[in-house]
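Here is what each chain is made of, one letter per residue.
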Amino acid sequence: MKNILLLFLIIFFSANLLSQVVTSPNGNIELLFSLDKKGYPSYSVTYKGRLVIKPSELGVYLKDKESLVFDFQINSFEKREIKESWSPVLGEQSVIENHCNEITFYLINKKTSKKLNIVFRVFDEGIAFRYEFPFDKSVEYFIISDENSEFNLSGDHKAFWIPGDYDSQEYVYNETKISEIDISKLEMENGISLKTIKSQHRVQSPLMMKTGDGLYLNIFEAAVDNYPVMHLDVDVKNFSLTSNLVPDALGNKAYLRTPGETPWRTIMISDDARDIVSSKMILNLNEPCKIADVSFIKPMKYVGIWWEMHVGKSSWDYAGTQSGDNNPVLKPHGRHGATTENAKRYIDFAAKHGFDGVLIEGWNTGWEDWYGNWKDDVFDFLTPYPDFDLEEVNRYAKLKEVKMIMHHETSGSVGNYERHLDRAFNLMKKYDYPAVKSGYVGRIIPRGEYHDGQSMVNHFNFVARRAADYKLMVNSHESSRPTGFHRTYPNYIAAEAARGNEFNAWSNGNPPMHETILPFTRLLGGPMDYTPGIFEIKMNIYNPQKKEQVHTTLAKQLALYVTMYSPLQMAADLPQNYEKYPDAFQFIKDVALDWQKSIYLEAEPGDYITVARKEKNGERWFLGSITDENPRETVIKCDFLSPGKNTWRQFIRMAEMLTGKKTRSIMR
């Protein structure tokens, strides 16, 4: 009898080692991890008893070494609860709750004795996992040739996707079934100058989806550092997704050593779309702030010499077309935008209307042949054009109490930028620039690298860390999309990394649904410098031959300051266009940038979103609501307003101004 009982206990204990269940704090999400008979690790996920992710394999392939994909056994596992709160330097809310259940599986390969840890965290709104490579006796260096992270879906869901392009995210979103994903059928005359697409069934993450029975899913990643961006290969017949890591020039994916880890792979799940768009799971998976003194990190509202180039009113270059003859004797063509006189005009406008800063693009030499030549030494980030008096402009800005925002276009020549970086930052400190907008238009140098590869991810993060040493803020354009790194380095104040407002000036533009999808995708990883506030939407105002227009309304351009979070916001249009609409322009001047609380009142990806935000250290609330091309009526319950403050009257006045109609309010 004792022998039978002992055998039962051994079998029971072994079975528990082969599979484990972890649930979310609220009990809605259940994750099952298991090893099959051949030692393949896999996981599955249910939400309120409904299967969301079918059994999906996990593992990592190594170059020139035994891969870490099968023949595992569980050495042990460890569970813990994480329950904490923290305050971001800038953000959508002043306090963020981090509550999840974590389990770590310590695996060992039975053949090679190599160790691999797989860590899961289960939140109320989703799950996350990553691989850890523990230190074992001595440091080991290795190359990842691929990652086998599967996401086997339970059906042919509706998906909002963009092509898996290693160099650009600046696409409009496609809304199709998983089975209908086919990049070969897309219109590629879309204004994107550099495209690197290697498969017709590959998409970028984050991938937003909706199931036929009303569940919302989002597959993304968090804390990407020293690792390439994860795209997703799509099996359109079996509705399965597999991680695809962006390679380097040699075809390798990542160079790591022990101890080390991958980024987190995330799956958000809810039957309420508002839970996805309001989730702080990505931020919670990043490391806490590493900057000791954050006093220099402040929100900024700015104008700048930028949109006038996009609409063809002026140019970045001083001496000719942007494919000029590289003549060392510069002969002005008379259309240069970044002149001392024009800079002062924008500074005056900023000072008059209470803006914090002025961005000036095209101030420095090099724009005559900056693009398309794969040129290494394209800019020095120090030398101004003859018609731009750097010292005088900054003297005048200081006199007017306006900060200048630096512009560093790299043309993709990353090595050149890093060689000049400290001198460029010293110049900024000399003239009291608090922030820099960087750009990475074009093919990357070192040649053969991609924008989303490991070396470029490291570069973008390095620039943010180095800028922190100088107490400077960074706003990157054409970079890899953010994955919450701004929690760790909050001076990385914003990024573009998606199709922004500029495409409305010289391409087919952005469809009205575009801005209703971005909060469910790009903005989950961090603030976006979308450059809203375009009041003059017809491009033939600037050139009668132009047919483009911004697919928007004036009211929507205002609402974007609320629906698309960023502590760095541009009033992107020309000063004279704001002077035509002083009442609407007043909203841009008034809207806050840093928030105590944000409440997503309604949301549906691709259709609409409504959010109310309360300013930090104040009692004012701001509400933004946008739709796609379809008109909608909505009922807003204002019970979130502070009692006794009459804040609701601000909503009524703004609604009447934007719609031209009397608004009926019922206060209960």
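None of these values were measured; they are calculated from a predicted model.

### A closer look at the sheet that holds strand β10 (residues 141–147)
Hydrogen bonds between backbone groups are what pair the strands of a sheet, and the pairing can be parallel or antiparallel.
Right, so step 1: Within the open sheet, the three strands sit side by side as β5-β10-β19. Their pairing is antiparallel. Looking at the sheet topology across the chains shown, the edges are occupied by β5 (60–62) and β19 (254–257). The sheet shows a mean angle of 50° between the axes of neighbouring strands, taken without regard to direction.
Right, so step 2: One ladder, built from four bridges, connects β10 with β19; its direction is antiparallel. The residue bridging Ile143 from the neighbouring strand is Tyr255, located in β19.

### Quick look at helix α7 (residues 414–430)
Right, so step 1: The terminal C-alpha atoms of α7, which comprises 17 residues, lie 24 Å apart, in line with the 24 Å expected from a rise of 1.5 Å per residue.
Right, so step 2: Those residues of α7 hidden inside the fold are in contact with α6 (390–399), β24 (403–409), β25 (435–439) and α8 (454–469).

### Describing unusual backbone geometry
Excluding glycine, residues mostly have negative phi values, and the peptide bonds linking residues are mostly trans.
Right, so step 1: Here the bond from Thr258 into Pro259 is cis, since omega is -10°, no more than 30 degrees from zero.
Right, so step 2: Inspection of the secondary structure assignment puts Pro259 in the loop between β19 and β20 (260–261).
Right, so step 3: Backbone torsion omega between Ile445 and Pro446 reads 20°, so that peptide bond is classified as cis.
Right, so step 4: Relative to the assigned elements, Pro446 resides in the loop between β25 and α8.
Right, so step 5: Phi at Asp71 is positive, roughly 65°, even though this residue is not glycine.

### Here we look at empty space enclosed by the protein
Right, so step 1: In total, this model carries four cavities of 30 Å³ or more according to the counting rule given.
Right, so step 2: Put simply, the largest cavity is a space of about 160 Å³.
Right, so step 3: In this structure, the largest cavity is lined by 17 residues; those nearest its centre are Arg481, Pro482, Thr483, Phe485 and Tyr492.
Right, so step 4: Grouping the amino acids of the lining of the largest cavity by side-chain chemistry returns ten nonpolar, six polar and one charged.
Right, so step 5: Around the second largest cavity, the lining residues are Ile162, Gln169, Tyr173, Gln204, Ser205, Pro206, Arg481, Ala497, Ala498, Thr521 and Arg522.
Right, so step 6: Broken down by class, the residue content of the lining of the second largest cavity amounts to five nonpolar, four polar and two charged.

### Looking at the pairing of β10
Right, so step 1: Across three bridges, the pairing between β5 and β10 is antiparallel. Its bridge partner lying in β10, Tyr61 is registered against Asp146.

### Structural notes on a nonpolar patch on the surface
Right, so step 1: Residues Phe135, Val139 and Tyr141 make up a contiguous nonpolar surface patch of roughly 330 Å² in combined accessible area.
Right, so step 2: Structurally, Phe135 can be placed in the loop between β9 (126–133) and β10.
Right, so step 3: You can call Phe135 partly exposed: its relative accessible area is 46%.

Rules behind the numbers
- Residues numbered from 1 in each chain as written.
- Predicted model: local features only at pLDDT ≥ 70, side-chain atom pairs only at ≥ 80, totals over all residues.
- Heavy atoms only, no water.
- Pairing = 2+ DSSP bridges.
- Helix = DSSP H or I, 4+ residues; strand = E, 2+ residues; numbered from the N terminus.
- Axes fitted to C-alpha atoms, helices over the stretch in contact; angles between N-to-C directions.
- Expected span 1.5 Å × (residues − 1).
- Contact = heavy atoms within 4.5 Å.
- 1 Å grid on protein atoms, 1.4 Å probe; cavity = no way out; pocket = protein on both sides within 12 Å on 5 of 7 lines; lining within 4 Å.
- Points joined across faces, edges and corners; volume = space filled by probe spheres on them.
- Nonpolar A, V, L, I, M, F, W, Y, C, P; charged D, E, K, R; others polar.
- Patch = residues over 30% accessible without salt bridge, like charges linked within 9 Å, V, L, I, M, F, W, Y side chains within 5 Å.
- Areas by Shrake-Rupley, 256 points an atom, 1.4 Å probe, with all protein chains shown as cover.
- Salt bridge = Lys/Arg side-chain N within 4 Å of Asp/Glu carboxyl O.
- Buried < 20%, exposed > 50% of the residue type's maximum accessible area, 1.4 Å probe, protein only.

It is worth stressing that arrangement in space is one thing and function is another; only the former is reported here.
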